[in-house]
Every structure is written in structure tokens, then in C-alpha cells.
Amino acid sequence: FFFAMHSSARAILQPLRCHVGGRPVWLVKNARLGLVCQLRLYATTPNIAEIASDLNNLGTLRNIGISAHIDSGKTTLTERILYYTGRIRAMHEVRGSDDVGATMDSMELEKEKGITIKSAATYTQWQDLFINIIDTPGHVDFTIEVERALKVLDGAILLVCGASGVQSQTLTVDRQMRRYKVPRVAFINKLDRLGAQPMRVIEQINDQLGLNAALVQIPIGLEENFEGVVDVVERRALYFRGKDGGQVEHADVPEDLKERCEEVREQLVEKLIDVDNELADSYLEGETITAEMLKRAIRRATIGLQFAPVCLGSAFKNKGVQPLLDAVIDYLPDPRQRVNYAYDLTKFDPTSDQEPPEDALVPLEMDPKAPFVGLAFKITETRFGQLTWMRVYQGALKKGQQVMNMNARAKTRMPRLARMHADNLEDVEAVQAGDICAVFGVDCSSGDAFSDRSANLAMSKMHVPDTVVSMGLLIKEKNKVDSLLKVLAKYSREDPTFRFNLEQESGQIQISGMGELHLEIYCERLRREENIEVTTGKPYVKYRETVTKPVRFDYTFKKQSGGAGQYAKIIGYMEPIPEGSKETFEFQNKTVGQNLTSGFVSATKKGFEEACLRGPLLGNPVWGVRFVLEDGAYHQVDSNELAFRVCAAKAFAEAFSGAGGTLLQPIMKVEVMTPAQTMSTILSSLQQREGRITGHEVTGNVAIVRAEVPLGEMFGYTAELRSNTAGRGEASMEYSHHQLVEDGTLYKVLKEYTGSSGGSDNSSSSASSGSKKKK
């Protein structure tokens, strides 16, 4: 409107942006007459796809996620962002205390428990720029939601509690951001809480997360005296007035904070000149470092993953949110500034475990006119059918367009496109490169890549963590078994970390997931959403099996049943993979000469891989074993690949007993926040559960205890913690690693799972392929 006016009119009429009642309002000031009036826009929210329809306008788009440890204030922050940007008209709180609940918590379970269970997406506008936002869960049991969100986002807000500091899930989220090379702005939240210490938290961010981070703001007061922040880049104070904090007041830096402001600003400059050559040159030449120079340097270093700016505030008290939005616009990249790669399917299969050759990587063009490439990163089953979340990396996607599912190698049509706002959908006709949308009516799986038929490209696969907990599932109404299996299949399509298995012999259903809460949520959904009553057995740990010493194998497989038989012989050894390796299975071919063809060698490897899917002890996967094939023999008529696969499996089963077969148990990183006076009780209880204390600290009246504890010892700990702390303690845990069980634990597990009365010797001997007895 203003740019369309004549220059003489623009000199008189000046646009002003402010917040009234928490909503953004445009005012027009007549500089000649000194009058101010409100400019009211009679228009709907602009379509982001239309705004970003060409390469130049992609600079107006940001795709961000909000991630943190549980209960750090992610959903509360998102609610404030939506309110201050005018996306919603009223703020509501987590847990549904006002019978409404936060906008992004659309599930009743989320409102009841006060936690985010599923990622939720929305979009909004700030400073004439458009922002796609994905609010992710903070509980470790729902970490797959964070994983697939960060896979497709261009930037993120890393939320850290100002009182609790860096916590266990903060470390996990940081690793996920590094895995997908996502630039981040850090936000130290809850500075109104008792014990808030932002300087301690910034030290933890640098030391524990290993980030090159620095404050771009300092607080004006703390705890109950927290009033606002000082922007050290602009050298100005920001106060958040009004009932909802919507009136941002700019003022001079308070006298008692001027020295501190300059000190923090100098620290910021020093951090930046170490990673930004342009600012370093200006600094060394004695130039005055202006606010604009600092902002450009922060943006370059942040996008280059060399720096993380840190903002401050309290989302619950409506302070610091608007400057955080400014930081998102100023420092996080637009889609053009992120380089994404696809795989040329003629040169590499992305489903394989091998590293892709360099010539197989194809940089994607952020150009709406290029061939379409997109990724289905999340699917949700609704009563209207499957809803697929999709990120468009290249080209454009139109309603009704026919594209190719590169994973299924099948053509599919996009019948309906929509933009997401929590659980609401707004239909759109098209989306462009760099955008995120929802697609209805497409049958696909999470992680499937879609492409124009002229582009034979696919995306890299998503990291999916392995399950750690299982439990039996019993249905009360036997006539609903088929319905139950269909629902479980639907859940497993939605969530790759939720799995189920039907035991054919016993008819028992087993469900597996990332933790007790993860499985409890799905059982509750069965009751509420599907009207299927189920009961669960005691949770049990997903152990892994392994070997502890090298052993040789020399196995000959013969089978004659009339006509051509089967014959295979392999010689070699298996041994433990050295500790510290990330590989769970290794195969080395050291054969010499023509004793075995390449096809039989590959079949032998396949046989070992299949044997490792179900170990001899408990039938669990086998980890940490290296197989070395040295020699073998085959028959011109009777040998085939199936014979060598069977031979490898039998050789493994026979050799396992002599290799010191044992179990690996999952070890969890546990963090307990408790009143200081109960810390000794907590330390004792964790040690009684075979925990190894890795650290503890006391800040004011709050103590934090960190430990590594076997998962099998953590069942029921929440109830014990509540009892020991009068309900004031909190505990969180995340998977750390697997380690060998003690002999006593091995005996206990084998007895519980298999009814074996012997110890580890008995369990090893039962693994022999010559024995047909049940373990």
C-alpha cells in the first residue's frame, strides 16, 4: 500500500507498526498535521505459496521447529508466538486449565497430561515475513517426532530452562540438530522462576553442548523481579507492558546495566570474529562495530553452523517473545540458504547401508520451475483417511498433479493440498519449493520421496531409533482381535518407533516402543479412539545378544532328498566388534582363489545377517559380531545360494555357544530434579537400582542428580520418586547405550524369559545347533 503511493505522499504519510491488545496493528501518521489513525486491512491471511512463488520471494519464508527438554515451555512459547503475530485471538494454557488448552495441543491426552505427544504444525506472519512452525514433543519417548521434524526444517529454536539448565533431552535434541545440520537460535526460558541463572545456563550451552554461543540480550532483573531484556546488539532496553505483554516499550539501557551491556557486547564480538572473517577484518582495522554489522555477522555465522545466538525471556510471563521472533527473522536461514541433496537413483540406492558416492549426490534447486522433488516426512491417520505431511524441496506441487513415489516406484495423484494450523486444515491450490504442506488421499509411508517423472531422484532415509521396551497386550473382547491388529498396523505406519508382533503359536500380541509412557499412550488411544479395551503385561526390556570372545567355525551343510541336493561348506571365525564401534554387524571376505564364487560369498553374508535377527538365547537381535570368511567349498550341481544361507545360519548357531554368548542391556541416562534435602535419598535409591552416579549439583533449594541406570531397573521408579520427595521430584531419562549384563543379571533374565534353571553356561550350551531342546 505505502510503496504504491507517490513519493510526495510517502514523505507525509508514515507507516507505524505497534501492538494493541497483543495484536499487530498498522497506524498511519500524517507528519504534516501530526495526526495518527489506524489502517485496517480487509483481507484474508496471504497465501504463503503465492507470496513465495518465485525465487526472489523465498527470502520471505522461514521453516523452523521448537525443540527442548520436556516441560521447558515449547508449547507455551508457540502459543505466545501465534498470539503476538495475530494468528490467534486469545492465549490459552497447557493442560487445558481453562477448558480450552493450548492451540497446538489438539489431542485430549495432551491437554490432560500437559505434554506434547504429536508434532503440530502451523504458519504465521511476522514483519511481513512468513513462518512455518513445527512444535515438537520434549519427552524422550516421542523423540521420533523431533527427528522427522528436524529432517525437513531450515532452522530451529533450542529452548532451555533458565532454572534447570541443559538437561538430558536437551543433549538429545542438540545431537539431532547436528545430525541434520540445522542452524539454531537458543532461547533461555523461565527467567521468572526461582533459581533462574542465565549465565550458568549459557556456560552449560557452551560446555555441555559444545556450541559457540553468546548472549545477544541480558536480563533486566530475575525471578519475580524479571522485567525485560537489554538488546546488546542495538544497545537498548525492551520492556513488555500490558496484561499480555503485547506492548513492547523501547528505552535507554538502565544506568546500572550499561557497563554489563558493553561487557557482554564485547564478548559477543570476540566470539564472532573467531568465526567470521568479514567482521574480523573490520574489527582489526579499528572500525566501529555497528548493530547492522553485528546482525549480518551473526546471521552468516549462524547459517554456517559456527555460532548460536542466545535470547532470553519468560514465555509464560509474556516477556521476550517478540525479540525472539526478530531473531528468527534476522538470524535463521530462508530456504535458499540451505543446501539440500537428493540421490540419483541410477547411481545409488538410498535404502542401502553403504555410503553414497559423491557423484550420486544431486544438489536440489530452490526453483519452482525445476522438476518436483518432495519428502513425506510424517503421516497421520484421520477419520477421513491418511494425512501426509510433505516438504517440497524443488519445483512446485499442484492439486491433482500426478507424481512418482520413488520408494514404491508407483505413480500417484495429489487429490487435495492443505496448509496446517494445529488440527485445522486450509485448502490451497499449489505449494512451491521451500514450503511445507499436507496432502490428503495419498497412500505412502513415512520417509517416502516423491518426484516428477522426469527427475529420477530420492531423498536420504530418516534416522529411526531402535525400540527399548516391550509388553504383552491382552484384549478383553476376542471378537475385536482383527480390528485391534488393523489399528496397531495403522499406529506403526504413523510412528516408526511403535512396533507390534503377533506370536503365531501362542496368539499373544507384543507391542514395542521407546518407553513405558510411549506404550501407555497408545493403549489409552485404543480405549478412547477405537473403543477397544486392552490390558497390558509387565514391561520388559529389549535386550540384545552378543559374543564375548573369538571362535572358529568349519561347517558343512548337506541335504539329499532325491534329485539335486543341497551342499555348502564355509570356514572362518567370528569375534566381537571392538568396543566403541557404531557398527552392529560386520562381514569380511578373506577367501583366496576360486573355492567360492562371489554369489556364494554374498549368500553367506546374507545368511549371517538373517541369523543375527534372532539370537540363540532369547530370540532377540544379535549385535556387535564380526564374521570373517576364510575358505569354503561348493558342488557344481548341488550348491546354490539358499544352501549357503542355511549353512551360515547353522554355523553361527553352532559357534555361538563357544563364543561366550551373553546379553546386552540398554543403559539409560537418568536425570532427577529434587528438593535439596532429599538428594541423599535419591542418590541411595539410584545406586540400589544398579545406577552409576555421573554427577550432581545443588542450586538454591533444588538438586539435580545424573546417573546411568539399566532400563530394567527403572520400571516403577516414578512412583518411588514421588513417595521419596512428597510429589516434588521430577525424573527424565533417555537411551544412552547397550552394555554387557553381569552374570547374575544374565541368569535372572534367562530364568524369567525362558524358564531356564541354569546360569550362563546352560544358556550358552542350549544355543548349540545340535540341540533341539527349548532353552
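Bear in mind the structure is a predicted one, so any value in this text is a computation, not a measurement.

## Observations regarding the overall build of the chain
Thinking step 1. A count of helical and extended segments in the chain gives 19 helices and 41 strands.
Thinking step 2. Expressed as a percentage of the 775 residues in the chain, the buried residues total 54%.
Thinking step 3. By sequence separation, contacts in the chain at least 24 residues apart represent 70% of the contacts at least 6 residues apart.
Thinking step 4. Accessible surface computed for the chain: about 35,000 Å², of which carbon and sulfur atoms make up 47%.

## Considering the pairing of strand 4 (residues 61–68)
Thinking step 1. A large share of strand 4 lies buried, amounting to eight of its eight residues.
Thinking step 2. A two-sided burial pattern is seen for strand 4, the buried positions comprising L61, N63, G65 and S67 on one face and R62, I64, I66 and A68 on the other.
Thinking step 3. In the sheet, strand 4 pairs with strand 6 (residues 129–135) via six bridges, with the strands oriented parallel. By the bridge assignment, I64 is partnered in strand 6 with I133.
Thinking step 4. Sheet topology places strand 4 next to strand 7 (residues 155–161); five bridges connect them, and they run parallel.

## A few points about the sheet that holds strand 37 (residues 625–633)
Thinking step 1. Read across the open sheet, the four strands follow the order 34-35-37-36; overall the sheet is mixed. The open sheet has two edge strands with one neighbour each: strand 34 (551–559) and strand 36 (585–589). When strand polarity is set aside, the average angle formed by the axes of neighbouring strands in this sheet is 25°.
Thinking step 2. Pairing geometry for strand 34 and strand 35 (residues 566–576), over nine bridges, is antiparallel. Looking across to strand 35, one finds that F557 is bridged to A568.
Thinking step 3. Packed onto the sheet, helix 14 (residues 598–611) meets strand 34, strand 35, strand 36 and strand 37 and runs at close to 160° relative to strand 36.
Thinking step 4. Strand contacts of helix 15 (residues 641–656): strand 34, strand 35 and strand 37, with the helix running at about 40° to strand 35, the strand carrying the most contacts.

## Side note on the sheet that holds strand 16 (residues 361–363)
Thinking step 1. Read across the open sheet, the three strands follow the order 16-15-27; overall the sheet is antiparallel. Looking at strand neighbours, the two that pair on one side only are strand 16 and strand 27 (457–458), the edges of this open sheet.
Thinking step 2. Here strand 15 (residues 341–344) runs beside strand 27; their pairing, made up of two bridges, is antiparallel. Paired with Y343 across the two strands is A458, which belongs to strand 27.

## Some points on the packing of aromatic side chains
Thinking step 1. In the structure shown here, the tally under the stated rule is 14 aromatic pairs.
Thinking step 2. Relative to F652, the ring of F627 lies with its centre 5.8 Å away and its plane at 65°, an arrangement referred to as edge-to-face. Highlighted residues: F627 in strand 37 and F652 in helix 15, separated in sequence by 25 residues.
Thinking step 3. By relative accessible area, which is 0% here, F627 ends up buried.
Thinking step 4. Classification of F652 by relative accessible area gives buried; the value is 2%.
Thinking step 5. Clustering of aromatic rings is evident, with ring pairs tying together F553, F585, F587, F608, F627, F652 and F656.
Thinking step 6. Directly above the ring of W389 sits K378, whose terminal nitrogen or CZ lies 5.2 Å from the centroid.

## Digging into the nonpolar core
For soluble globular proteins, the rule of thumb is that nonpolar side chains tend to be buried together.
Thinking step 1. Formed by 108 residues in total, the largest nonpolar core has its most connected members in L77, I157, I205, L268 and L272.
Thinking step 2. In terms of residue count, the dominant contributor to this core is helix 11 (residues 321–331) (seven residues).
Thinking step 3. Counting 74 residues, the second-largest nonpolar core is a separate cluster that includes Y491, F587, A603 and V625.

## Focus: the packing of helix 3 (residues 74–84) against helix 11
Thinking step 1. It is at 10 Å that the axes of helix 3 and helix 11 come closest, and there the two elements cross at 85°. Between helix 3 and helix 11, the crossing angle belongs to the class labelled roughly perpendicular. Together, L77, R80, I81 and Y84 of helix 3 and V321, Q322, L324 and L325 of helix 11 make up the contact between the two elements.
Thinking step 2. Grouping the constituent residues of the contact of helix 3 with helix 11 by class yields six nonpolar, one polar and one charged.

## Observations regarding the pairing of strand 12 (residues 236–241)
Thinking step 1. Sheet topology places strand 11 (residues 228–231) next to strand 12; four bridges connect them, and they run antiparallel. When the sheet's bridge partners are listed, D231 is paired in strand 12 with R236.
Thinking step 2. Where strand 11 hands over to strand 12, the hairpin turn is made up of four residues, of which R235 adopts a positive phi near 55°.
Thinking step 3. Sheet topology places strand 12 next to strand 13 (residues 247–251); five bridges connect them, and they run antiparallel. Looking at strand 13, one finds that Y239 is bridged to E249.
Thinking step 4. Between strand 12 and the antiparallel strand that follows it, strand 13, lie five residues; G242 among them carries a positive phi value of about 85°.

## What about the environment of A163?
Thinking step 1. Along the polypeptide, A163 turns up in the loop between strand 7 and helix 6 (168–179).
Thinking step 2. Every residue in contact with A163, bar those within four places of it in the chain, is listed here: R193, L194, G195, A196 and R200.

## Focus: helix 3
Thinking step 1. Counting buried residues in helix 3 gives 11 out of 11 residues, a clear majority hidden from the surface.
Thinking step 2. Among the residues of helix 3, K74, T75, T76, L77, T78, E79, R80, I81, L82, Y83 and Y84 are the ones counted as buried.

Cut-offs used in this document
- Residues numbered from 1 in each chain as written.
- Predicted model: local features only at pLDDT ≥ 70, side-chain atom pairs only at ≥ 80, totals over all residues.
- Heavy atoms only, no water.
- Helix = DSSP H or I, 4+ residues; strand = E, 2+ residues; numbered from the N terminus.
- Buried < 20%, exposed > 50% of the residue type's maximum accessible area, 1.4 Å probe, protein only.
- Contact = heavy atoms within 4.5 Å.
- Areas by Shrake-Rupley, 256 points an atom, 1.4 Å probe, with all protein chains shown as cover.
- Pairing = 2+ DSSP bridges.
- Axes fitted to C-alpha atoms, helices over the stretch in contact; angles between N-to-C directions.
- Phe/Tyr/Trp six-rings, centres within 6.5 Å; stacked < 30°, edge-to-face > 60°.
- Lys NZ or Arg CZ within 6 Å of the ring centre and 35° of its normal.
- Core = buried A, V, L, I, M, F, W, Y, C linked by side-chain atoms within 4.5 Å.
- Parallel < 35°, antiparallel > 145°, perpendicular 65-115°, else oblique.
- Nonpolar A, V, L, I, M, F, W, Y, C, P; charged D, E, K, R; others polar.

The quantities given are spatial measurements derived from coordinates; they are silent on function.
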